[in-house]
Amino acid sequence: MNRAEQLRGTNILLVIGEKATNAIMNDRLSAKLKAADIPHETLRLPGGHTFPTLQGGVGPVCEFVAKHLKPR
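Residues numbered from 1 in each chain as written. Predicted model: local features only at pLDDT ≥ 70, side-chain atom pairs only at ≥ 80, totals over all residues. Heavy atoms only, no water.

Q: Where do I start with the pairing of strand β1 (residues 13–17) in this structure?
A: In summary, the side chains of a regular strand alternate between the two faces of the sheet. Sheet topology note: the β1/strand β2 (residues 41–45) ladder contains five bridges and is parallel. Residue pairing across strands places Leu14 opposite Thr42, the latter belonging to β2. In the classification by handedness, the crossover that spans β1, the intervening helix α1 (residues 23–35) and the parallel β2 is right-handed. (Pairing = 2+ DSSP bridges. Helix = DSSP H or I, 4+ residues; strand = E, 2+ residues; numbered from the N terminus. Right-handed = clockwise from strand over helix to strand, strands pointing away.)

Okay, structure coming up:
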């Protein structure tokens, strides 16, 4: 959070498990990035730090990475 400005220019995807113990922290980071006008995407998934929740994020994370690795 204290170094959010250093993320400027980085492709950011925050995957947030709605019941995860760090969900509030990630929401605060997203708010800080937004206030600093740093583009980012968020993906909210039901559940917490469980294998099914992690599995639900794999596809979207792979799509995000592929989108940002494509040659321009």
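This is not the end of the story, as more comes after the structure.
Q: Sorry if this is basic, but what is going on with a nonpolar patch on the surface here?
A: A contiguous nonpolar surface patch, about 310 Å² in accessible area, is contributed by Val15, Val61, Val65 and Leu69. When residues in the nonpolar patch are grouped by element, the largest group, three residues, is from helix α2 (residues 51–69). Positionally, Leu69 belongs in helix α2. (Patch = residues over 30% accessible without salt bridge, like charges linked within 9 Å, V, L, I, M, F, W, Y side chains within 5 Å. Areas by Shrake-Rupley, 256 points an atom, 1.4 Å probe, with all protein chains shown as cover. Salt bridge = Lys/Arg side-chain N within 4 Å of Asp/Glu carboxyl O.)

Q: In this structure, what is going on with α1? I would like to understand it.
A: For the α-helix, the turn length of 3.6 residues means that residues three or four positions removed from each other point alike. With 13 residues, α1 ought to run about 18 Å at 1.5 Å a step, and its terminal C-alpha atoms sit 18 Å apart, in line with that. When α1 is considered as a whole, its buried residues turn out to be Ala23, Asn26, Leu29, Ser30 and Leu33. An end-on view of α1 places all buried positions within 120° of arc, on one side of the element. Away from its buried face, by an angle of more than 90 degrees, α1 presents the exposed residues Ile24, Arg28 and Ala35. On its buried face, α1 is in contact with β1 and β2. The positive-phi residue at the C-terminal boundary of α1 is Asp37, with phi of around 60°. (Expected span 1.5 Å × (residues − 1). Buried < 20%, exposed > 50% of the residue type's maximum accessible area, 1.4 Å probe, protein only. Arc of directions from axis to C-beta. Contact = heavy atoms within 4.5 Å.)

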